[in-house]
Amino acid sequence: MTSDAVEVLRLGDHAVAEYAWRPPLPTSLAPRPYLHPIRTLGGTTVTELMPASHRHHLGVSVAVAEVDKHNFWGGRTFIPGHGPAWLDNQGSQEHARWLRRTPTRLSHTLRWNTIDGAPLLSERREISARLLGPDVWALEFGFTLTNVAGQELPIRSPAAHGRIGAGFGGFFWRAPFGDCRITAETGTGTDAVHGRAARWLSVAGPGWTLVFLGADAATRADRWFVRTRDYLGIGSSLAWEQPLRLEPGSVLHRRIVTVIADGDLPSGQAAAYADDLAS
């Protein structure tokens, strides 16, 4: 990857995240910008990129399993009655124009194109870093999608096709795999939050904690996807059992704030961040 295709977010002397905004990726991975590595202020990396299990997981990105039968997730596509299959339907998210580039804030526009180059969505993306304490910072990730296809665009997850529990698609974070503790306002453990809407979700690994917050009402209404078997992945789902249908010219907006901490944050502190950082 060329150095001019990466922007670095910094808080003081700390390089807390790197944003690959024009990555040279194969079509099979549904090429798209991503954040990796993301680090705690103590220097621990809390993302994974193209791991052996699910190579199409790219750190932190916006990845959608299906937009009008086009795959913006990468890898195989789930076909009802058949299962996952390789299709020539992977789309790409392409940088269009920078709006802002500073050490703590990035903003740009993107185009979501089919494998044949036809535009489906335009996007405005805002990413920013904020210091919360000596060992805690927050990553804000907002995106606005506009239907430019001239026709209705149904957004689906495999769960919308009947694959139980596979409601992924939207903001997605691939974290380092290993022992972890999942806590949310809905309870403790994966089953307490997977497939549910919750104001906050905490994932504690060895020496680090991530707290995910839906930062506006629309995002808080979305369900969380959480997987701890085989890999550790956390996502805010745009569509679970039912498709999300975007009419021509219509817009959707989502905003996630992730608190990134060294050490183990108590659940009370996670709830406090939800009160302070969500609008």
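Residues numbered from 1 in each chain as written. Predicted model: local features only at pLDDT ≥ 70, side-chain atom pairs only at ≥ 80, totals over all residues. Heavy atoms only, no water.

Labelled according to an unreviewed UniProt entry, the protein appears under the name PmoA family protein, originating from Actinoplanes hulinensis.

Some remarks on the overall build of the protein
Helices and strands together make up the secondary structure of the protein, namely two helices and 21 strands. For 279 residues, the compact-globule estimate of 2.2 N^0.38 gives 19 Å, and the protein sits close to it at 18 Å. Its C-alpha atoms give the protein principal-axis dimensions of about 50 × 40 × 35 Å. Counting all 279 residues of the protein, 55% fall into the buried class. The long-range fraction of contacts in the protein, counting pairs at least 24 apart against all pairs at least 6 apart in sequence, stands at 60%. Summed over its atoms, the accessible surface of the protein is roughly 11,300 Å², and 48% of this surface lies on carbon and sulfur atoms. Of note, the protein has its 28 positive side-chain charges centred 2 Å away from the centre of its 27 negative side-chain charges. (Helix = DSSP H or I, 4+ residues; strand = E, 2+ residues; numbered from the N terminus. Rg over C-alpha atoms; globule rule 2.2 N^0.38 Å. Buried < 20%, exposed > 50% of the residue type's maximum accessible area, 1.4 Å probe, protein only. Contact = heavy atoms within 4.5 Å. Areas by Shrake-Rupley, 256 points an atom, 1.4 Å probe, with all protein chains shown as cover. Lys, Arg positive; Asp, Glu negative; His and termini not counted. Charge placed at Lys NZ, Arg CZ, Asp CG, Glu CD.)

Section: the pattern of salt bridges
Within this structure, the stated rule accounts for 17 salt bridges. One salt bridge in this structure joins Arg 181 and Asp 264, with 2.8 Å as the shortest N-O distance. Taken together, the positions of Arg 181 in strand β14 (residues 181–184) and Asp 264 in the loop between β21 (251–262) and α2 (267–277) put the pair 83 residues apart, joining distant regions of the chain. Close ionic contact of Asp 230 with Arg 229 constitutes a salt bridge, the shortest N to O distance being 3.0 Å. (Salt bridge = Lys/Arg side-chain N within 4 Å of Asp/Glu carboxyl O.)

Considerations on empty space enclosed by the protein
Counted under the stated rule, the structure contains one cavity of 30 Å³ or more. Taken as a whole, the largest cavity holds about 30 Å³ of empty space. Forming the walls of the largest cavity are Ala 63, Trp 73, Phe 168, Gly 169, Gly 170, Phe 171, Phe 172, Phe 225, Gly 235, Ser 236 and Ser 237. Mapped onto the lining of the largest cavity, the elements with two or more residues apiece are β13 (170–175) and β19 (232–237). Considered class by class, the residues forming the lining of the largest cavity number six nonpolar, five polar and no charged. (1 Å grid on protein atoms, 1.4 Å probe; cavity = no way out; pocket = protein on both sides within 12 Å on 5 of 7 lines; lining within 4 Å. Points joined across faces, edges and corners; volume = space filled by probe spheres on them. Nonpolar A, V, L, I, M, F, W, Y, C, P; charged D, E, K, R; others polar.)

Quick word on the nonpolar core
In this structure, Ile 38, Trp 137 and Trp 173 are the most contacted members of the largest nonpolar core, which totals 52 residues. Top element by residues in this core is strand β11 (residues 136–147). It accounts for five residues. Counting residues in each nonpolar core, the second largest holds 15 residues, with Ala 138, Val 211, Val 257 and Ala 271 among its members. (Core = buried A, V, L, I, M, F, W, Y, C linked by side-chain atoms within 4.5 Å.)

Quick look at the layout of surface pockets
In this structure, the largest pocket occupies an estimated 640 Å³ of space. The wall of the largest pocket is formed by 35 residues, among which His 54, Arg 163, Phe 168, Arg 227 and Tyr 231 lie closest to the centre. Secondary-structure elements contributing two or more residues to the lining of the largest pocket are β4 (60–67), β6 (77–79) and β18 (224–227). In the lining of the largest pocket, the residues fall into 13 nonpolar, 14 polar and eight charged.

Quick look at the pairing of strand β10 (residues 119–133)
Pairing between strand β9 (residues 105–113) and β10: nine bridges, direction antiparallel. Note that in β10 the partner of Trp 112 across the bridge is Leu 121. The hairpin turn running from β9 into β10, its antiparallel successor, is five residues long, and Gly 117 in that turn takes a positive phi close to 90°. Here 12 bridges tie β10 to β11, and the two strands are oriented antiparallel to one another. If you follow Arg 125 over to β11, its bridge partner there is Phe 143. Where β10 folds back on β11, the antiparallel hairpin that results is connected by two residues. (Pairing = 2+ DSSP bridges.)

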